[in-house]
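Observations on the three-dimensional arrangement
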Amino acid sequence: MSSIKQFQVTFDCAEPERVARFWCEVLGYVVPPPPAGFATWDAYDRSQSPEDRGSWFACGDPSGVGPRLYFQRVPEGKVVKNRVHLCVRVGTGLVGEERLAALEAECARLLPLGAVRVRLLDDGNDSCIVMQDVEGNEFCID
């Protein structure tokens, strides 16, 4: 039996580069170097057929620990709630007001990037803030 050591998280979206750059800012991820033979990603993109230009973008954890994020263009828009979402863990080990303050600070950092605050879920012990990325995909700050 084989054991999977790496995986990537794939996002369906309308504007792959825009969504990828948003998540780079959220997670501290970086865009990898362009493919061999291309000085920039724009040069690579221009080498593609017109229908393939801008059809995908990717980014990764600079430490190599977190999963690669891959963004692919799809023709349909988001219609319903995500079945899978990312949780941005900023309050780990914190409780009460200290945890809530850390969540609110991260929320405030993400709003100018284009994130949207949806609601605070707080039962007194374990709280999280539900948000949306630049294309309306839900994620949590917890």
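Placed above this text is the structure.
Summary of the structure given here. (Residues numbered from 1 in each chain as written. Predicted model: local features only at pLDDT ≥ 70, side-chain atom pairs only at ≥ 80, totals over all residues. Heavy atoms only, no water.)

Some points on the sheet that holds strand β7 (residues 138-141)
In space, the four strands of this open sheet follow the order β4-β7-β6-β5, with mixed pairing throughout. Across the chains shown, the open sheet's two edge strands, defined by having one partner strand only, are β4 (86-88) and β5 (116-122). Between one strand and the next, the sheet's axes are offset by a mean angle of 25°, whatever the strand orientation. Note: strand β6 (residues 127-132) against β7, four bridges, orientation antiparallel. Bridge pairing links V130 to C140 in β7. Contacts from helix α1 (residues 16-27) reach β4 and β7 within the one sheet, and its direction differs from that of β4 by about 35°. In the packing of helix α3 (residues 96-110) onto the sheet, the strands contacted are β4, β5, β6 and β7, and the crossing angle to β6 comes to about 10°. (Pairing = 2+ DSSP bridges. Helix = DSSP H or I, 4+ residues; strand = E, 2+ residues; numbered from the N terminus. Axes fitted to C-alpha atoms, helices over the stretch in contact; angles between N-to-C directions. Contact = heavy atoms within 4.5 Å.)

Comments concerning the state of the cysteines
For the coordinates displayed, the defined rule picks out zero disulfides. Unpaired in terms of disulfides, C24 finds its nearest cysteine sulfur in C59, a separation of 3.6 Å. In this structure C24 comes out as buried when scored by relative accessible area, which is 9%. Of the cysteine sulfurs around C140, a residue in no disulfide, the closest is that of C128, at 4.4 Å. (Disulfide = S-S within 2.5 Å. Buried < 20%, exposed > 50% of the residue type's maximum accessible area, 1.4 Å probe, protein only.)

Observations regarding the sheet that holds strand β3 (residues 68-73)
In spatial order, the strands read β1-β3-β2; together these three strands make up an open sheet with mixed pairing. Looking at strand neighbours, the two that pair on one side only are β1 (8-13) and β2 (56-59), the edges of this open sheet. With direction set aside, neighbouring strand axes in the sheet form an average angle of 20°. One ladder, built from four bridges, connects β2 with β3; its direction is antiparallel. Its bridge partner lying in β3, C59 is registered against L69.

Function cannot be read off these values alone, since they describe shape.
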